[in-house]
Every structure is written in structure tokens, then in C-alpha cells.
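Chain residues, written in single-letter form:
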Amino acid sequence: MLAEVHAIQSVLPYREDFSCAETTVPGLCFWMVLLPRRVIYVGLALASAAALKPSLWQAARSGPAAASFASQKAALLHFSGLAMIFVPLWWIPFTDLEAQFSKVAPALLLGALCAALGAMLWLMPLRAWRQWLFGNGLFLPLTLAAIFALPEFTDAASFLWGGNQVLTWLTFAAVGHVLLLFHAEVTSLPEERIFALNDFAVQVGNTCSGIEGIALIALFVAGYALLSVGTLRMKPYWLLLFPIAVLLSWVFNVLRISVLIWLGANVSPKLAVDGFHSYAGWLLFSLLAFGVLAIVHNMDFFHERTAGPAARTGPPLAADPLFARIVPFILFMISGTLTPLIWETPADGYPLRVAAMLLGLALFWPALKTFKWQAGPLDWLTGGAVAALWLWTAPEAAAAAGAPDPFWIACRLLGTVLLVPVIEELFFRAYVLERIAGSPAAAPWRALAGLAVSSLLFAALHDRWLAGALAGAAFGLLYLRSRRPGGAVQAHMLANAVIAAAALAAGDFGLI
């Protein structure tokens, strides 16, 4: 889902030569532009609901299994919908899209509907979805509808606040006090809500009020409470934790703006605008959401008394092989969103990424020890071939800007040669490919589909799509040969080691 949404966003009208306001149906256009984000919200909500309350899955599990042909028809419907989205955008130039958007919009909407319906039926048959969604009353349907309509709720909240004027002024005043605490000589223009420091100016507009973050955290905390009815003490949760979480969301937003001004004035305007401004809000929301979960799970004050200890189901988290395949990769990707917050050149923050990778692997060491890591000559030969392909297709080296410091080089080599191959192969091959391919006795088309999807996702992480996709396919074939990660991991390690050696020899660290 994430890969497809990213692909759609890459071709949809987010470019400077297109404006929804210039189309004949601007309201519909703006709504459609937000559609990929709504899909992400709903997908994450479904995953969170299943993780936080596994009993919700029981209704679906108890339903009849889908017929073997049903998933094939659903897959065809899904990919046909994607084609309906892409084909009109390939036919019509972006320069003509504003004038012809009303003609394209029906095909885009119908394609989105077919893609979504096909994806749902591909996962479960319609009867299982009905049992799962309504097996616990109206909670799940209403929650998913509310999450889908989150932008409308944000606009409604903005209207109730008088166009966010009251909250925006409170935010402006609070940012001013925070800057004064740090003795920053800030020039402020209250009439226009502008702060200026060292020739760097920021206007606190209505979108900076923090209302979107408040709406997000309120919906998250409320959804978690509804999922946990019967296990949470609702009075302290709603009267204490809920208002604190909402208040902290606003406080974090005030701190975000204050740090943005300080960074732009004292470090780098580019880092403040292009990095921190783009990522800090989502990072702070994620930290606050995880903080709420940590407090609730670790404080008996918020839990109803039970007759005895809760029964543990499944292995401990650190020994769970499924989490071991996924969580280190998630930490690796999160670290990639942190580096633009701190470094103007994100590559300079690679030591932080190494620390995140080491943490992810260390947390799941009990599970990792159970995997089969053996490899053979074919795996090593494949790794050498991938290295040769990568070096052969490498672009011409740019002019050297000075050698990095030894510590950065050591971290880069550690991450590239040892850590990244383990994390990426566990996720792309041992998880994505394995989940789609199914058991070795499954239909061959499933293995081909898994190989294609995992290779394309792998390629999306690399600057050179074609070489990345071919490398992913090679590693995927090694995995399918044994259904063990060891061969693909060692091939990936050898390939990266050869590439790293070439980078060291040439002084061209862009190769890795």
C-alpha cells in the first residue's frame, strides 16, 4: 500500500505547473489530492486496531475461507484500478491537466475505487470483512470513517476556533515567551504574527496553530480508549491522560516553531525549512503517541483490577520472529527521517542511522539467533555479480568535496557491509517476499508476484531503480531457493563489501 501510494503521489499534480485552484472543479481536486494521505491513515488505523486488540480479528478468522479464484480476480481488479489511475496521467501533459481535469477526474476516482476494493478483497473475502468490521458493533466502521474524514474534522475545528485565530494567537504568544527564556533577541510583529531573528523570519499562520496535531492525538487517544473498553479505568484515562496528551500536543507544536526559528537563524535556513519543518511535526506526534501507549501499559493506575495475571499468548516480543523481520527495518527508516531534522546534509547523520540499526538488531537478538544464516558458493557468486552490476552502472563520480572523517567512514562501512544487508533482507525477502509467495507448495504466480513486489520496493530505496530492482530480484531468487535468509544476506554483504572497497579506493563515497 505504501509503495503504491508513493508511486501515485509521484505522478499526481504536486508540481509547480499545476494548481487545483485553476481547475473547473477545485473542491474535488483538493479532496482528491488528500486521498492518498487518507488511505495511509486508514491503513495504519486497521493495522493498529489489529495490533492493539487482537480479538477483533476473531470474527474474520471464524469466517469461511475465500475460494482460490477469488483472490486472483481481486488482484486483477486491484491492478486494473491502478492502471485507470496512471493511464490518463500519462496521456495528458501536466500543462494541459488543469483545463482537462474534469474529464480525467471520473477515471481517477473509479480507478481509486477499483484499486481499494480489489485490495480489500485480495486480503479477505467480503463476508470476512463484514464479520470483522461489524463483529464488534459499529466501533470499527465509525472509527475508520472518522479517520478517513480527518481533514474535514480539522477544518471544522478550525472553524470553531474562528479560523484558528484564537489558538494561533495563543501559539504566537507562547513561542515569544519560549524565545525570551533563551534570551533570544527576537523582533516580533504581532499584527502579522511574524518573528525575525538574525535575518530569518517566520510567520505563525493558522496552519501553525497546532490544531491538526491536537485533532490527531485526540483521535488516537480516543480510539485507543474504545479499543480497550473493559481493561482501562476510563475516568482517570479521560480526566487525566487525555487532557495532558492534548495539552502536550500543543506544547510540542510551540517548541517545534521555537526550534525552527532558532535553527533558521543560527544554524541553517535550509535545514530549518526543508528538513525540520517537514519532519518535526510527524516525529513529535509519533513520540507523543508512543509515550501515551507506554504510560498506559506500564502504570497499573490506568488498568482495571483483574482476578489473576493475564495469560501470555505467543512468544516474548524479543523472541518473535515476525517482529524481528519488521521492527529493525522500521527503526532504520525512522532514522532516515531524523537525519534531515539535524543535519543540513542528511548523509552526515549516518552514525545515527547505524545506532538505530544496532538497537533494532539488539532488541530482537533472541529471535535472530533462531534464523538459518548458512550460505554457499552460489550465494557468494551472486553477490559478486550484483557488485559488478552496481559498479558498472555507477554514474560518473562528482568532484570530491573533501574526505569524510574516519569515524563517519567507519560507521558507513559498518552499516553498509554488515547491518543494512541483514535488516533489508529480513524485511524485503524474509517478510514481504515470504508473505506474498506463501508456502513452497503455493501457486507459482504467487512467488513471481512476491519477487516482483519485493524487488520494486527494494529498488525504491535506491537512487538507481533499474540496478536496485535487478539486485533485489537476484537476492529474492536466492531466498526462494532455500526459504532461508542466510544466502541472500551473505550475498548482499559480499556485494556491499566489494562496492565499499571500490569506494574507498576511488575516494567516491557516493557509491555506498
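Residues numbered from 1 in each chain as written. Predicted model: local features only at pLDDT ≥ 70, side-chain atom pairs only at ≥ 80, totals over all residues. Heavy atoms only, no water.

Draft legend 1. Geometry of the pairing of strand 3 (residues 194-197). Where strand 2 (residues 187-189) meets strand 3, three bridges bridge the pair, whose relative direction is antiparallel. When the bridges of strand 3 are listed, Leu189 appears paired with Ile194. The antiparallel hairpin formed by strand 2 and strand 3 contains four residues in its connecting segment, where Arg193 sits at a positive phi of about 55°. Summarising the sheet, strand 3 and strand 4 (residues 200-203) pair through four bridges and their orientation is antiparallel. (Pairing = 2+ DSSP bridges. Helix = DSSP H or I, 4+ residues; strand = E, 2+ residues; numbered from the N terminus.)

Draft legend 2. Broad picture of the packing of helix 10 (residues 165-181) against helix 12 (residues 234-266). Two numbers describe how helix 10 lies on helix 12: the axes approach to 9 Å, and their chain directions differ by 55°. One finds that helix 10 runs oblique with respect to helix 12. In this structure, helix 10 meets helix 12 at a crossing whose hand is right-handed. Residues Leu167, Leu170, Thr171, Ala174, Val175, Val178 and Leu179 of helix 10 form the contact with helix 12, whose participating residues are Trp250, Asn253, Val254, Leu255, Ile257, Ser258 and Ile261. Its residues assigned to classes, the contact of helix 10 with helix 12 comprises 11 nonpolar, three polar and no charged. (Axes fitted to C-alpha atoms, helices over the stretch in contact; angles between N-to-C directions. Parallel < 35°, antiparallel > 145°, perpendicular 65-115°, else oblique. Left-handed = near helix turned anticlockwise from the far one by under 90°. Contact = heavy atoms within 4.5 Å. Nonpolar A, V, L, I, M, F, W, Y, C, P; charged D, E, K, R; others polar.)

Draft legend 3. How the structure looks around the nonpolar core. In terms of nonpolar packing, the biggest core is built from 60 residues, with Val175, Phe195, Ile217, Tyr237, Ile261 and Val296 touching the most fellow members. When residues of this core are assigned to their parent elements, the largest contribution, 11 residues, is made by helix 12. For Ile261, the residues in contact, after removing those within four places along its chain, are Val175, Leu179, Phe195, Leu197, Phe200 and Val202. (Core = buried A, V, L, I, M, F, W, Y, C linked by side-chain atoms within 4.5 Å. Buried < 20%, exposed > 50% of the residue type's maximum accessible area, 1.4 Å probe, protein only.)

Draft legend 4. Structural view of the environment of Trp392. Looking at the element boundaries, Trp392 is found in helix 17 (residues 377-392). Between the C-alpha atom of Trp392 and that of Ala467, which follows or precedes it by 75 residues, the distance is 9.7 Å.

Draft legend 5. Spatial organisation of a nonpolar patch on the surface. Residues Leu240, Ile244, Leu248, Ile295, Met299 and Phe301 make up a contiguous nonpolar surface patch of about 470 Å² in total accessible area. Relative to the helices and strands, Leu248 is located in helix 12. (Patch = residues over 30% accessible without salt bridge, like charges linked within 9 Å, V, L, I, M, F, W, Y side chains within 5 Å. Areas by Shrake-Rupley, 256 points an atom, 1.4 Å probe, with all protein chains shown as cover. Salt bridge = Lys/Arg side-chain N within 4 Å of Asp/Glu carboxyl O.)

Draft legend 6. Region of interest: the packing of helix 15 (residues 350-363) against helix 18 (residues 406-437). In contact at an axis separation of 9 Å, helix 15 and helix 18 are set at 40° when each is read in the N-to-C sense. Handedness of the helix 15/helix 18 crossing: left-handed. Within the contact between the two elements, helix 15 uses Tyr350, Pro351, Val354, Met357, Leu358 and Leu361 and helix 18 uses Phe407, Trp408, Cys411, Arg412, Leu414, Gly415, Thr416, Leu419, Val420, Val422 and Ile423. Split into classes, the residues belonging to the contact of helix 15 with helix 18 amount to 14 nonpolar, two polar and one charged.

Draft legend 7. Structural view of helix 8 (residues 139-148). The set of residues buried in helix 8 consists of Phe139, Leu140, Thr143, Leu144, Ala146 and Ile147. In a view along the axis of helix 8, the buried residues occupy a sector of 160°, so they form one face of it. (Arc of directions from axis to C-beta.)

Draft legend 8. Up close: the packing of aromatic side chains. Applying the stated criterion across every chain, the model contains 16 aromatic pairs. Residues Trp238 and Phe242 carry aromatic rings whose centres are separated by 5.1 Å and whose planes lie at 45° to one another, so their mutual orientation is tilted. You can see Trp238 and its partner Phe242 sitting in helix 12, four residues apart, about one turn around the helix. Judged by relative accessible area, Trp238 falls into the partly exposed class, the value being 33%. Exposure remark for Phe242: the relative accessible area of 21% places this residue in the partly exposed category. (Phe/Tyr/Trp six-rings, centres within 6.5 Å; stacked < 30°, edge-to-face > 60°.)

Draft legend 9. Just the sheet that holds strand 2, in detail. If you trace the three strands from one edge of the open sheet to the other, you get 2-3-4, paired in antiparallel fashion. Each end of this open sheet is capped by a strand with a single partner; those strands are strand 2 and strand 4. Each strand of the sheet is rotated relative to its neighbour by a mean of 15°, with strand direction disregarded. Of the strands in this sheet, strand 2 and strand 3 touch helix 10, which is tilted by about 20° from strand 3. Packed onto the sheet, helix 12 meets strand 3 and strand 4 and runs at close to 155° relative to strand 4.

Structural measurements only, silent on function.
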